[in-house]
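Working through the structure, step by step
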Amino acid sequence: MRRLFDRMAIDLQLVGYSECTRRNYLMHAKRFARHYQRSPEQLDRNHIREFLFHLIENLNVSRGTVRQVRAALRFLYGVTLARPQEIDWLPPARHQKALPVVLSGTEVAALFAAVRHTMYRCILMVMYSGGLRITEAFPGRTRLRHACPQTVRKVFRLALTDAGIQKDVTPHVLRHCFATHLLELGYDVTLVQALLGHRNLRSTMCYAHVTASRVPRDASPLDRLGTTQAAVLG
């Protein structure tokens, strides 16, 4: 089975997926194999159907996670195993039009308070204060001169538990919180679009750009936590 996943890792790299996507696809493929305690080479479309149903019905995972699992299995069977017939039956996933799950201002503050290590608390606060992705925040002391994203994810999960937050979220939720909280604080949606670096935001139906001169100095929602202005964040 290990050789199969080694082949999948090579295929993912040949196609040009990012390191993060490669890691996630391999994780989901291995999770699928562990569920049945068998190699995916011995499994078929019925096992795929049952596994996806199990994730949705029994584990109640998020729609985003299910979409990623579907994509991982589609790659595994369509590319690495060259058995697209096992996955072609699966209809395209419907995209959820609702906003992603976000944390309230109170939950964000509790999350930060639950992170004991100063460096990782700073990384998470930087992600929230600037709407950054995990790979964009905060250099560390490792040989690569950056903190390990996987360690940040682990610290984040532990902080969620310690803070009593039961929402199914990853560190990327801090980017969503950044955008959502700025909108709730009354900032113009085109400003938020520019701060996030998006070419367009279909959810806001807006396609405008703003200049740096319009960005206020206190544009970060981090500065509002604990103030009366943060009451709108929950």
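Above this text is the structure in question.
Before going into details, it helps to say that this report is about the structure given with it. (Residues numbered from 1 in each chain as written. Predicted model: local features only at pLDDT ≥ 70, side-chain atom pairs only at ≥ 80, totals over all residues. Heavy atoms only, no water.)

**Some thoughts on the packing of aromatic side chains**
In this description, an aromatic ring pair is defined by two values, namely the gap between the centres and the angle between the planes. Under the criterion given, the structure shown has six aromatic pairs. Centroid distance tyrosine 17 to tyrosine 25: 5.4 Å. Interplanar angle 50°. Geometry classified as tilted. You can call tyrosine 17 partly exposed: its relative accessible area is 31%. The interplanar angle of 65° and the centroid separation of 5.3 Å between the aromatic rings of phenylalanine 32 and phenylalanine 51 together place this pair among those described as edge-to-face. Of this pair, phenylalanine 32 sits in helix 2 (residues 19-36) while phenylalanine 51 sits in helix 3 (residues 45-57), placing them 19 residues apart in sequence. Classification of phenylalanine 32 as buried rests on a relative accessible area of 0%. One aromatic cluster is present, built from ring pairs that chain together Phe32, Tyr36, Phe51 and Tyr77. (Phe/Tyr/Trp six-rings, centres within 6.5 Å; stacked < 30°, edge-to-face > 60°. Buried < 20%, exposed > 50% of the residue type's maximum accessible area, 1.4 Å probe, protein only. Helix = DSSP H or I, 4+ residues; strand = E, 2+ residues; numbered from the N terminus.)

**Comments concerning helix 7 (residues 149-163)**
Along its 15 residues, helix 7 runs 21 Å from first to last C-alpha, staying within 8% of the 21 Å computed at 1.5 Å per residue. Considered for burial, the residues of helix 7 that qualify are Val152, Arg153, Val155, Phe156, Ala159 and Leu160. Along the axis of helix 7, the buried positions cluster into a sector of 165°, meaning they face one direction only. Pointing more than 90 degrees away from the buried face of helix 7 are the exposed residues Lys154 and Thr161. Against the buried residues of helix 7 lie helix 2, helix 5 (105-114), helix 6 (118-130) and helix 8 (173-184). Just past helix 7, the residue glycine 164 takes up positive phi, approximately 75°. (Expected span 1.5 Å × (residues − 1). Arc of directions from axis to C-beta. Contact = heavy atoms within 4.5 Å.)

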